[in-house]
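Chain by chain, the residues run as shown.
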Amino acid sequence: MNKNHLYLFFILFFITVCFSFSLGMFFTEQPKPRANEILTPKPAMILPDGSVNKEYLKNVTDYTADHFAFRTDLITIHNAILSKVFHTSASDDVILGKQNWLFYKQTENDYIGKNILCDNDIESIAHTLYMIQQYVENQNAKFLFVIAPNKNSLYGEYMPDSMYTIRNESNAQHLMNALQKQNVNYIDLFRVFRQKNEVLYYQLDSHWNNKGASLAYHSIMNALGIYHTNWYDMDYTIQKNHKGDLYEMLYPKGKQLENDIVFEKQFDFQPDNEIHAPDDIQIDTSNNQKQHSLLLFRDSFGNNLYPFFADGFGHSRFSRKMPYTITMMHEVSADVVVLEIVERNISNLAQYAPVLQSPLVELHTTNAVPIHCDVDVEITESDLEGYCCVQGSVEEYGNVYIQWQNECYEAFPVGKAQKQAFTAYVPEGTEYDFKAIFVEKNGVLYQCLIE
């Protein structure tokens, strides 16, 4: 074979391989998203509004990149070589730890103490939770706030030696200190889990295992003062039946399973709606043998947690909606409201105000000290029937109040603004109903003069 024929052979071989991956999309099973992955949807030349999609060719390129034949097989082989041979993670979302432990990349900042929330943000979150608790308790219900620890906050000995802490106090500890000062009901699951001499999280997953979830449930119910079954001490068997989310991110075609526990006792609850998966946005359950009604706002840590609560309450609603619609408690007649959030997502609480009418307050505005400061205000419709949303920012940090029509309302001191953000749900109206804004700081009430 001469040189020209050899060149031609390699060109044809290369073209054949490329076409096999592209054309193979039509003859092979479509790939499923890996863990938190979002695959590009099939492109359309005509958009829903009837216009031509000017980004169609780009959409086709993105779709092909996500759906070409044997994609997950090639990713698995590539990532396995990098991790096993070079001990390097090919996924931006996964940290390779010691003894084959895997950790979620988004927990790195919490672990090393980087990008920690400032005191003002922590105080704003704590005060918002205090306002939620006040509302819940005014409805004769119990409130409890729960932080699910990051995996490396409990098992940091398996993290790579190259990652070391640069600050001792984490967002979670900082927030719990602030909650204690504001008398917000919370439970310290970090302390609870550290007292146990067994591993209660998965090795290849970012979450607690079934026994860890049972311990969290037992601790939360004790904090609420509600009689319950202590699943943590129940008999169980160990089965190799769990495929970790972090493992799936690295090896989408991998088959490795890890141990989890299966309790011998069966759950007694019944689903009120069809449960497609444990991470459904909303799940409703009933157990006719139990009392109380629960509203639990949760995240992915609730996947293993919710069956225990479903079994322990007469009626339960589990919601993954964000922001938290606290008024949902009236839909289910909840006498218990629990808000669970994983440690790595604490910063979200500084950006998303709860969907809840702002409390009416009495302010001695005649004693307010006038100050000049930048104020941004936006008034929009809201999903809360009969209320509109007033949000914005002000230069001065503190508790924020707005005068709306002839009344004063306390705003939630959180939002997406860079300064002191605020969000308030007030009776429907227009921008002409917004009269003034006040900030209370160190016991002094200031009126912000809007320039």
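Conventions we followed
Residues numbered from 1 in each chain as written. Predicted model: local features only at pLDDT ≥ 70, side-chain atom pairs only at ≥ 80, totals over all residues. Heavy atoms only, no water. Pairing = 2+ DSSP bridges. Helix = DSSP H or I, 4+ residues; strand = E, 2+ residues; numbered from the N terminus. Axes fitted to C-alpha atoms, helices over the stretch in contact; angles between N-to-C directions. Patch = residues over 30% accessible without salt bridge, like charges linked within 9 Å, V, L, I, M, F, W, Y side chains within 5 Å. Areas by Shrake-Rupley, 256 points an atom, 1.4 Å probe, with all protein chains shown as cover. Salt bridge = Lys/Arg side-chain N within 4 Å of Asp/Glu carboxyl O. Buried < 20%, exposed > 50% of the residue type's maximum accessible area, 1.4 Å probe, protein only. Contact = heavy atoms within 4.5 Å.

A. Expanded view of the pairing of strand β19 (residues 434-441). Pairing analysis gives 6 bridges linking strand β16 (residues 399-404) to β19, with the strands arranged antiparallel. When the sheet's bridge partners are listed, Y401 is paired in β19 with F438. Strand direction decides the pairing type here: β19 and strand β20 (residues 444-449), joined by 5 bridges, are antiparallel. Within the sheet, the bridge partner assigned to F438 lies in β20 and is Q447. Hairpin connection from β19 to β20: 2 residues lie between these consecutive antiparallel strands, with N442 at a positive phi of about 55°.

B. Expanded view of the sheet that holds strand β15 (residues 387-394). Strand order in the open sheet made by the 3 strands is β14-β15-β18, with antiparallel pairing throughout. Edge positions in the open sheet fall to β14 (375-381) and β18 (420-427), since each of these has one partner strand only. On average, each strand axis in the sheet is tilted by 20° relative to the strand beside it, whichever way the strands run. Here β14 runs beside β15; their pairing, made up of 7 bridges, is antiparallel. Directly across from E378, in β15, lies its bridge partner Q391.

C. How the structure looks around a nonpolar patch on the surface. There is a patch of nonpolar side chains on the surface, built from M45, I46 and V52 and spanning about 310 Å² of accessible area. Taking relative accessible area as the criterion, V52 reaches 56% and is therefore assigned exposed.

D. Inspection of the pattern of salt bridges at higher detail. Using the criterion set out here, one finds 8 salt bridges in the structure. Two residues, D161 and K98, come together in a salt bridge whose shortest N-O distance is 2.6 Å. Placement of D161 in the loop between α6 (151-154) and α7 (171-181) and of K98 in the loop between β1 (94-96) and β2 (102-104) is noted, with a sequence separation of 63 residues between them. We classify D161 as exposed; its relative accessible area is 62%. Where E331 meets R317, a salt bridge forms, and the shortest distance between an N and an O atom there is 2.7 Å. Note that E331 is positioned in the loop between β10 (315-319) and β11 (336-342) and R317 in strand β10, a separation of 14 residues in sequence. A single network of salt bridges, built from pairs that share partners, joins D284, R317 and E331.

E. Molecular detail of the sheet that holds strand β4 (residues 186-187). With respect to topology, 7 strands assemble into an open sheet ordered β4-β3-β11-β9-β10-β8-β7, the strand pairing being mixed. A strand with exactly one partner marks an edge of an open sheet, and here the two such strands are β4 and β7 (270-271). Sitting on the sheet, helix α5 (residues 119-138) is in contact with β3 (142-148) and β11, with an inclination near 145° to β3. Where helix α9 (residues 210-224) meets the sheet, its contacts fall on β3, β4 and β11, and the angle it forms with β3 comes to roughly 150°.

F. Quick look at the environment of L305. For L305, the position within the fold is in helix α11 (residues 302-312). Among the residues examined, L305 registers a relative accessible area of 1% and is labelled buried. For L305 and N209, which are 96 residues apart along the polypeptide, the C-alpha to C-alpha distance reads 9.3 Å. Leaving out residues up to four positions away in the same chain, L305 has contacts with W208, A213, A216 and Y217.

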